[in-house]
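Letter by letter, the chains look like this.
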Amino acid sequence: MPVGLFRVCLLVITAIVNHPLFFPKENGTVPENTEEIIQKMKEREESLRLEQLRLEQEIADQEATQKALEKAAVVVEESKEEKVRWDMWTALSMVIFLLIELWRQDFQEGNWQDTGGEEDDMAVLGKAFKGVAFPNKAVLASFYEKRILATTGDMARMREMVEGFADDLLEALRSVCNRDADMEVEDCMGVGSMYENWRVRKPFVCDLIVPFAPPEPYCFCCQSWCSGDSFPPDEQGYGTIKVCRADEDATGCICDKTKLGEDMLCLLHSQVSSTRPSSEMEDLLCFKNTQYLDADQVMKWFQIAITKAWNRISHKYEFDLSFSLLDSPGALKIKFKSGKSIAFNLTPVVQYENSDVYFISHFPRSSLAADIPSSTHWFLTFAVYERRFIQLVSKTLPANACHVSCLQILSFLHGKQCSLTGPSGLTNYHLKTVLLHLLQARSNQDWAPEKLEARLQDMLKFLEKCLHEKKLYHFFIGNGNIPAELGFPVIFQRAEPLNLFRPFVLRRDIYRKMVDTFHEMLRNMSALINEYTVHIPLAHTNGIRKE
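Residues numbered from 1 in each chain as written. Predicted model: local features only at pLDDT ≥ 70, side-chain atom pairs only at ≥ 80, totals over all residues. Heavy atoms only, no water.

The protein appears in an unreviewed UniProt entry as Inositol 1,4,5-trisphosphate receptor-interacting protein from Erythrocercus mccallii. Under the UniProt heading Sequence similarities (unreviewed entry), the note attached to the protein is "Belongs to the ITPRIP family." Turning to the protein, the UniProt annotation filed under Function (unreviewed entry) states: "Enhances Ca(2+)-mediated inhibition of inositol 1,4,5-triphosphate receptor (ITPR) Ca(2+) release." (UniProt positions renumbered as here; feature names shortened; annotations may be inferred.)

Printed below as a string of structure tokens:
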């Protein structure tokens, strides 16, 4: 009870104390202040609402911007993918277009139609012979006996005379040269058609190659296009010859590649010997400021040496000797007092390592090395191996085999045609290459003498195929089936095949001339052969055909 009464009293007192009438002065402005506060609160609320709306608008703008950026990124990515796809299709379309254009040009060049509307000469293999009257066995045999054998009987005597004189001339050359400073000349070797017994056209010209080497203590370090370093396509078949000292490697000592300090000295080479004067290398027939043998310098040296040698022995002979071609170092001509003359080529070469492959400075009367990259690039010749291969195969063929006869007849026809229509890119070396391929491809019995007509047609068809494809590969380079008896270097067997017709792919004018000459030769073949053939009775011809 007392506790309850106390609580009631406390409540009454609290109510009396907090009643506003007890403090009239202090609370007289309450209504006015309340309205002002309420007004401020409303303004504050309004500003907060506006701020909220502004923030919401900014957030919405940011979200819209982010979505726009994401959408733009997607569009850019899609456009990149589309561009890549478009670039790929564009490139593919361009490749297809170029292939079609190349095919169209090749088709136009290979369609070989006469303007008069005659039949296509070579649409497929062998069609070039359509309408061509090919001589039979009797006509070919008569032609070969009357024209070929009758004019080649004195070749052996001429070879013997030229070789004897060349040996005497080279011996005199060695005597006039300084053995301590000049190049050392070795014995000459006969190569080419005169020594392979298929030369048919006059004038008969003997081709002799003369290996030479530098004086001691120098040596030649040869590098071919297939020895490892990359050579441009137009330099395939070529190589370089570096003149080095015998006590150093072809690449030189490391002191030549590393910059040594002034107080450092190579233990193998003194500073005096490592620096070679330019005049010393020029005396060794090198290109200016290099160690590479210069073909032009060799040509000048060889011509001067030959002139000195001839002046020493000229009193022993009753004929004159002169240079027949100014641009060939050893194109010589013997002139007798009777007016007759004998031409032969004495060409300096450099042996490739220990093989019978040689770097040759110049090709007389040949277009094999017509566009030499520079005078320090030397063409490689395999003429010695070609002669040995023909000799090796001839031992396994039937008696009186027709392989040489085929090459002689084809060479004669080609030469006659060139005398009528002018020279073309096709050479006798191309014809010999065709024969070498067929000798390896066909069996020995296929070269029996009675199969002369068939093998001659094979050579013409093979040549037609090569002209149509613009591909005639070198017989030795890239050929892994060379007989081991020849001892042919493996590096050239493993090399990429060398297309002898590659220069004509880029020179369409020469290629067209070559093809036209081939077709003209086919059309004129019967007339050219009949011109040198005695009349054969029809009955005799029919009798041979029945056999």
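The discussion continues.
Draft legend 1. Region of interest: the overall build of the protein. Across its full length, the protein carries 15 helices and 10 strands. Taken across its 547 residues, the protein has 42% of its residues classed as buried. Relative to all contacts within the protein whose residues are 6 or more apart in sequence, the contacts with residues 24 or more apart total 69%. On the protein, roughly 32100 Å² of surface is accessible, and the fraction owed to carbon and sulfur atoms is 56%. (Helix = DSSP H or I, 4+ residues; strand = E, 2+ residues; numbered from the N terminus. Buried < 20%, exposed > 50% of the residue type's maximum accessible area, 1.4 Å probe, protein only. Contact = heavy atoms within 4.5 Å. Areas by Shrake-Rupley, 256 points an atom, 1.4 Å probe, with all protein chains shown as cover.)

Draft legend 2. Up close: the pairing of strand 4 (residues 218–224). Most of strand 4 is tucked away, with 5 of its 7 residues classed as buried. With 7 bridges joining them, strand 4 and strand 5 (residues 238–245) adopt antiparallel strand pairing. Along strand 5, the bridge assignment pairs cysteine 221 with lysine 242. (Pairing = 2+ DSSP bridges.)

Draft legend 3. Highlighting the packing of helix 11 (residues 452–469) against helix 14 (residues 508–530). Remark: helix 11 packs on helix 14, axes separated minimally by 11 Å, with the N-to-C direction vectors making an angle of 155 degrees. Relative to helix 14, the element helix 11 lies roughly antiparallel. Once helix 11 is placed against helix 14, the crossing between them reads as left-handed. Here Leu460, Leu463, Glu464, Leu467 and His468 of helix 11 lie close against helix 14, whose contacting residues are Tyr511, Met514, Phe518, Met521, Leu522 and Met525. When grouped by side-chain class, the residues that make up the contact of helix 11 with helix 14 number 9 nonpolar, 1 polar and 1 charged. (Axes fitted to C-alpha atoms, helices over the stretch in contact; angles between N-to-C directions. Parallel < 35°, antiparallel > 145°, perpendicular 65-115°, else oblique. Left-handed = near helix turned anticlockwise from the far one by under 90°. Nonpolar A, V, L, I, M, F, W, Y, C, P; charged D, E, K, R; others polar.)

Draft legend 4. Looking closely at the pattern of salt bridges. For the structure shown, the criterion picks out 18 salt bridges. Lysine 316 is the salt-bridge partner of aspartate 168, the closest N and O atoms lying 3.1 Å from each other. Here lysine 316 lies in the loop between helix 7 (295–313) and strand 6 (319–323) and aspartate 168 lies in helix 4 (residues 155–176), a separation of 148 residues in the sequence. Judged by its relative accessible area of 19%, aspartate 168 falls in the buried class. (Salt bridge = Lys/Arg side-chain N within 4 Å of Asp/Glu carboxyl O.)

Draft legend 5. Expanded view of the pairing of strand 3 (residues 205–213). In terms of burial, strand 3 is largely enclosed, as 8 of its 9 residues are buried. Examined bridge by bridge, strand 1 (residues 184–185) and strand 3 share 2 bridges and lie antiparallel to one another. Considered in strand 3, the bridge of valine 185 is made with phenylalanine 212. Here 3 bridges tie strand 2 (residues 189–191) to strand 3, and the two strands are oriented antiparallel to one another. Counted as the bridge partner of glycine 190 is leucine 208 from strand 3. Where strand 3 meets strand 8 (residues 341–351), 7 bridges bridge the pair, whose relative direction is parallel. When the sheet's bridge partners are listed, valine 210 is paired in strand 8 with proline 348.

Draft legend 6. Representation of the environment of alanine 166. You can see alanine 166 is positioned in helix 4. For the pair formed by alanine 166 and valine 210, sequence separation is 44 residues and the distance between their alpha carbons is 9.9 Å. For alanine 166, the contacting residues outside a window of four places in its chain are Cys188, Leu208 and Leu346.

Draft legend 7. Highlighting a nonpolar patch on the surface. Residues Met88, Trp89, Leu92, Ile96 and Ile100 make up a contiguous nonpolar surface patch of roughly 520 Å² in combined accessible area. Take isoleucine 100: it is sitting in helix 2 (residues 30–111). (Patch = residues over 30% accessible without salt bridge, like charges linked within 9 Å, V, L, I, M, F, W, Y side chains within 5 Å.)

Draft legend 8. Highlighting the packing of helix 9 (residues 403–421) against helix 14. Contact geometry of helix 9 with helix 14 gives a least axis separation of 9 Å together with a crossing angle of 110 degrees. The angle between helix 9 and helix 14 falls in the class roughly perpendicular. Together, Leu410, Leu413, His414, Lys416, Gln417, Cys418, Leu420 and Thr421 of helix 9 and Lys513, Thr517, Glu520, Met521, Asn524, Met525, Leu528 and Ile529 of helix 14 make up the contact between the two elements. Partitioning the contact of helix 9 with helix 14 into residue classes produces 8 nonpolar, 5 polar and 3 charged.

Draft legend 9. Quick look at helix 14. Here helix 14 is 23 residues long and its end C-alpha atoms lie 33 Å apart, about the 33 Å a rise of 1.5 Å per residue gives. At asparagine 524, helix 14 shows its strongest bend, of approximately 55 degrees. Considered for burial, the residues of helix 14 that qualify are Tyr511, Met514, Val515, Thr517, Phe518, His519, Met521, Leu522, Met525, Ser526, Leu528 and Ile529. Buried residues along helix 14 sit in contact with helix 3 (137–151), helix 9, helix 11 and helix 13 (502–506). (Expected span 1.5 Å × (residues − 1). Bend = angle between axes of the 7 residues up to and from the residue.)

Draft legend 10. The arrangement of the packing of aromatic side chains in detail. On inspection of all chains with the given rule, the structure shows 27 aromatic pairs. Between the aromatic rings of phenylalanine 212 and phenylalanine 220, the centroid separation amounts to 5.9 Å while the plane-to-plane angle is 85 degrees, which identifies the pairing as edge-to-face. This pair shows no difference in class: phenylalanine 212 is buried, exactly as phenylalanine 220 is. Ring centres 5.7 Å apart and planes at 55 degrees place the aromatic pair phenylalanine 501 and phenylalanine 504 in the tilted group. Here phenylalanine 501 matches phenylalanine 504 in class, with each residue buried. Aromatic rings pair up to connect Trp225, Tyr352, Phe359, Phe382, Tyr385, Phe389, Phe475, Phe476, Phe488 and Phe492 into one cluster. (Phe/Tyr/Trp six-rings, centres within 6.5 Å; stacked < 30°, edge-to-face > 60°.)

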